[in-house]
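# Commentary on secondary and tertiary structure
Now for the letters of each chain:
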Amino acid sequence: MLADCRGFVFDLDGCVWQGNTLNPGAGEALTALHRAGRGVAFLTNNSRARSRDVRDKLHRLGLTWVEHTLTPLEILGRVIAERFGRSRVLVIGAQELIDVVAEAGHEIVGVPDFRKASVVAIGNDFDLTYERLGAACRAAAAGAPLVTPNVDARLPIEDGDFLPGCGAIVAAVVAAAGVSPIVVGKPEPPLFRIALARLGLAADQAAMVGDSVESDVAGGRRAGMRTVLYTPDGAAPGAADVVVRSFAELRVLAGV
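This write-up is about the structure you can find in this document. The model shown is predicted, which means the values in this text are computed figures rather than measured ones. Going along each chain's sequence as written, the residues are numbered from 1 onward. Since the coordinates come from a predicted model, pLDDT governs what is reported: local features require at least 70, and pairs of side-chain atoms require 80 or more to be given and counted, while whole-chain, interface and lining totals use all residues. To get the side-chain values, take all heavy atoms of the structure and skip hydrogens and water.

## Digging into the packing of aromatic side chains
Only centres within 6.5 Å qualify two rings of Phe, Tyr or Trp (six-membered ring in Trp) as a pair; their planes then separate them into stacked at under 30 degrees, edge-to-face at over 60, and tilted for everything else. A full pass over the atoms with the stated rule returns four aromatic pairs. Between the aromatic rings of F8 and F10, the centroid separation amounts to 6.2 Å while the plane-to-plane angle is 25°, which identifies the pairing as stacked. This pair shows no difference in class: F8 is buried, exactly as F10 is. The rings of F8, F10, F42, Y230 and F247 are connected pair by pair, giving a single aromatic cluster. Charge-over-ring contacts are defined here by two conditions on Lys NZ or Arg CZ: a distance within 6 Å of the ring centre and an angle within 35 degrees of the ring normal. Sitting over the ring of F126, R48 keeps its end group 3.9 Å from the ring centre. Throughout this description, buried means an accessible area under 20% of the type-specific maximum (1.4 Å probe, protein chains only), exposed means over 50%, and partly exposed covers the range between.

## What to know about the nonpolar core
The biggest cluster of nonpolar side chains holds 30 residues, and the ones touching the most others in it are V9, L76, L97, V101, V147 and M225. Where helices and strands are cited, they refer to DSSP runs of H or I of at least four residues and of E of at least two residues respectively, numbered from the N terminus. At the level of secondary structure, the elements contributing two or more residues to this core comprise strand 4 (39-43), helix 3 (76-84), strand 6 (88-92), helix 4 (95-103), strand 8 (119-122), helix 7 (189-199) and strand 13 (206-210). Here the element with the most residues in this core is helix 7; it accounts for five residues. Apart from the residues within four sequence positions on either side, L97 is in contact with S47, L73, L76, V91, I92, A121, I122 and G123. Formed by 29 residues, the second largest nonpolar core is a distinct cluster that contains C15, L33, V54 and L63. Nonpolar cores were defined as sets of buried Ala, Val, Leu, Ile, Met, Phe, Trp, Tyr and Cys residues, with membership established by side-chain atoms within 4.5 Å. Only heavy atoms enter the contact rule, under which two residues are in contact if any of them lie within 4.5 Å.

## Observations concerning unusual backbone geometry
At the junction of K186 and P187, the peptide bond is cis and its omega measures out at 10° in the coordinates. Among the structural elements, P187 can be located in the loop between strand 12 (182-183) and helix 7.

## Here we look at the packing of helix 5 (residues 130-141) against helix 6 (residues 166-177)
Here an axis means a line fitted to C-alpha atoms, over the contact stretch when the element is a helix, while the angle between two N-to-C directions is reported on a 0 to 180 degree scale. Two elements in contact, helix 5 and helix 6, have axes separated by 9 Å at closest approach and are oriented at 45°. One element, helix 5, and the other, helix 6, form an angle in the oblique class. Handedness of the helix 5/helix 6 crossing: right-handed. The residues of helix 6 that touch helix 5, namely those facing L133, A136, C137, A140 and A141, are I169, A172, V173, A176 and A177. Note on residue categories: nonpolar means Ala, Val, Leu, Ile, Met, Phe, Trp, Tyr, Cys or Pro, charged means Asp, Glu, Lys or Arg, and polar means any other residue, Gly included. Looking at the contact of helix 5 with helix 6, its residues break down into 10 nonpolar, no polar and no charged. Under this scheme an angle from 65 to 115 degrees is roughly perpendicular, one under 35 degrees roughly parallel, and one over 145 degrees roughly antiparallel; angles in between are oblique. Less than a right angle of anticlockwise turn of the near helix away from the far helix marks a crossing as left-handed, whereas a clockwise turn marks it as right-handed.

## Quick notes on the packing of helix 1 (residues 26-35) against helix 9 (residues 247-254)
With their axes 8 Å apart at the nearest point, helix 1 and helix 9 run at an angle of 20° to one another. Here helix 9 runs roughly parallel to helix 1, going by the angle between their axes. Between helix 1 and helix 9 the crossing geometry is left-handed. Contacts between helix 1 and helix 9 pair A26, E28, A29, A32 and L33 from the former with F247, R251 and A254 from the latter. Among the residues making up the contact of helix 1 with helix 9, the classes are represented as six nonpolar, no polar and two charged.

## Observations concerning the pairing of strand 1 (residues 7-10)
The side chains of a regular strand alternate, residue by residue, between the two faces of the sheet. In strand 1, alternate side chains face the same way, and those of G7 and V9 on one face and F8 and F10 on the other are all buried. Bridge analysis of strand 1 against strand 4 gives four bridges, and the strand direction is parallel. Across the sheet, residue V9 finds its bridge partner in strand 4, namely A41. For two strands to be treated as a pair, DSSP must find no fewer than two bridges joining them. By the bridge criterion, four bridges tie strand 1 to strand 13 in an arrangement that is parallel. When the bridges of strand 13 are listed, F10 appears paired with V209.

## Considering the sheet that holds strand 9 (residues 146-148)
One open sheet accounts for five strands, arranged 7-6-8-9-12; its pairing is parallel. Edge strands, defined here as strands with exactly one partner in the open sheet, are strand 7 (107-109) and strand 12. Where strand 8 lies against strand 9, two bridges are found, and the strand directions are parallel. What sits directly across from V120, in strand 9, is L146. Sheet contacts for helix 3: strand 8, strand 9 and strand 12; angle to strand 9, the most-contacted strand, approximately 150°. Lying on the sheet, helix 5 is in contact with strand 6 and strand 8; it crosses strand 6 at an angle near 140°.

Function cannot be read off these values alone, since they describe shape.
Have a look at this one:
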């Protein structure tokens, strides 16, 4: 199923790493694929990092050959422009999210001026306050479309623990405002298509590898890719084309 795959696209949080630590065997497996001439790219739903930030982190963790990395921040500002034109955007999230929205030509609206917002953009916000959450809810309820990098409820960190993810904040706004979000990242197709283009591969020549059925497997399937679910506890058999419990098992199946 994987021996003839010419390329692999990997999720990061929960799959390749937990927080600042590579998962067991990940570095060896990824490097083996690269040395075997397989295309390797990384696609994360991280709403607090640009592609270059992710690439720099992989380099620091010893994967100095990594070239292709993607996050939703790469296209979020463009998606807003394509759908709604130049907008007044209330951003609830990290500075990186604010920066990419501004760089795309949009006006940033402060929390006190939330009623002026024509779009609400929500990412994971480690400085979230009730005031900020309330502003997002009220702006969205008043008609400002809600745009988000992802709806992942959890952000995996070290030792199998987690923090509330971007999706947890989005869910609160959705519940209070009675709206549906526009999702830029996984499982929506755009970032998968960009990753395949950068690898120079057709969808059926590549596999998506990740730990989330809802995000990675569903998105890979929608893009026409083969799918691999990484699940060390062996859960969800049959949820993807291939289910692996370790990166060592992935190496065997890939023939590297």
